[in-house]
Amino acid sequence: MSEFSTSICGVSLRPLAEIQTVGGPVLHMLRADNPEFSSFGEIYFSVVEPGAVKAWKRHSRQTQYFAVPCGLMEIVVYDPRADSPSRGLVESFFLGRPGHYSLLRIPPGLWYGFACRSVQSALMANCADIPHDPEESERLPKDSPEIPFSLEGSIFTA
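Residues numbered from 1 in each chain as written. Predicted model: local features only at pLDDT ≥ 70, side-chain atom pairs only at ≥ 80, totals over all residues. Heavy atoms only, no water.

Caption draft 1: Structural context of the overall build of the chain. When helices and strands are tallied, the chain shows zero helices and twelve strands. Helices and strands appear in the chain in the N-to-C order β-β-β-β-β-β-β-β-β-β-β-β. Its C-alpha radius of gyration of 15 Å places the chain within 12% of the 15 Å reference for a compact globule of 158 residues. A principal-axis box enclosing the C-alpha atoms of the chain has dimensions of 50 × 35 × 30 Å. If the 13 positive side-chain charges of the chain are averaged to one point and the 18 negative ones to another, these points end up 2 Å apart. (Helix = DSSP H or I, 4+ residues; strand = E, 2+ residues; numbered from the N terminus. Rg over C-alpha atoms; globule rule 2.2 N^0.38 Å. Lys, Arg positive; Asp, Glu negative; His and termini not counted. Charge placed at Lys NZ, Arg CZ, Asp CG, Glu CD.)

Caption draft 2: Representation of unusual backbone geometry in the model. Put simply, Ala55 and Trp56 share a cis peptide bond, and its omega is -10°. Checked against the element boundaries, Trp56 lands in strand 5 (residues 53-59). Looking along the chain, the bond that leaves Arg97 and enters Pro98 is cis, with omega of 0°. Within the secondary structure, Pro98 is located in the loop between strand 8 (90-96) and strand 9 (102-106).

Caption draft 3: Region of the structure containing the pattern of salt bridges. Taken as a whole and judged by the stated rule, the model has eight salt bridges. Across the salt bridge formed by Glu138 and Arg58, the nearest N and O atoms sit 2.8 Å from each other. On the criterion of sequence distance, the pair formed by Glu138 in strand 12 (residues 137-139) and Arg58 in strand 5 is long-range, its members being 80 residues apart. Under the relative-accessibility criterion, Glu138 is labelled partly exposed at 39%. Residue Arg58 is classed as partly exposed on the basis of its relative accessible area of 21%. (Salt bridge = Lys/Arg side-chain N within 4 Å of Asp/Glu carboxyl O. Buried < 20%, exposed > 50% of the residue type's maximum accessible area, 1.4 Å probe, protein only.)

Caption draft 4: Representation of the environment of Glu36 within the structure. With respect to the secondary-structure elements, Glu36 resides in the loop between strand 3 (26-27) and strand 4 (42-48). Residue classification places Glu36 among the buried residues on the basis of a relative accessible area of 8%. Expressed as a C-alpha distance, the spacing of Glu36 and Val77, which sit 41 residues apart in the sequence, is 17 Å.

Caption draft 5: Main features of the nonpolar core. Counting residues in hydrophobic clusters, the biggest one holds 19 residues, and the most contacted among them are Phe66, Met73, Ile75, Val77, Leu95, Leu104 and Ile106. When residues of this core are traced back to their parent elements, those giving at least two are strand 6 (64-70), strand 7 (72-78), strand 8, strand 9, strand 10 (111-116) and strand 11 (122-128). The contacts of Phe66, once residues within four sequence positions are left out, are Ile75, Leu95, Ser102, Leu103, Leu104, Ile106, Tyr112, Met124, Ala125 and Asn126. With ten residues, the next largest nonpolar core counts Val53, Tyr78, Leu140 and Leu151 among its residues. (Core = buried A, V, L, I, M, F, W, Y, C linked by side-chain atoms within 4.5 Å. Contact = heavy atoms within 4.5 Å.)

Take a look at the structure:
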């Protein structure tokens, strides 16, 4: 499956395979031979309730790989990197099923946040390339003036 272009340098979005099987689909996320894969650190899942916002976070060394197998999430990425050609850009991505099952890669140095946009809880799978290290990340409040975007918004019924 081909990658979609994104505006922010280093961010990639690629549709993921949904293989229909008796009893329910098999949902691919990430393979060691994917071009965007670097290494495995850990994988965990975040449940986000309808309308809830989890923002803002930035990693200094960790790359994030997000997929949303249940529900619909809006993930927003902001590029504050001084040496980046996309400095100052904000980009919003919708991940989930049906219709938006994709892998979003977010490299270090970018702020990101997300919100559940479905009427049911959303489940986000997060595969990081290094194990969790609280010393290499930082947070801002969801209404921080440093981020030129608000994730406060509507739940979609589609």
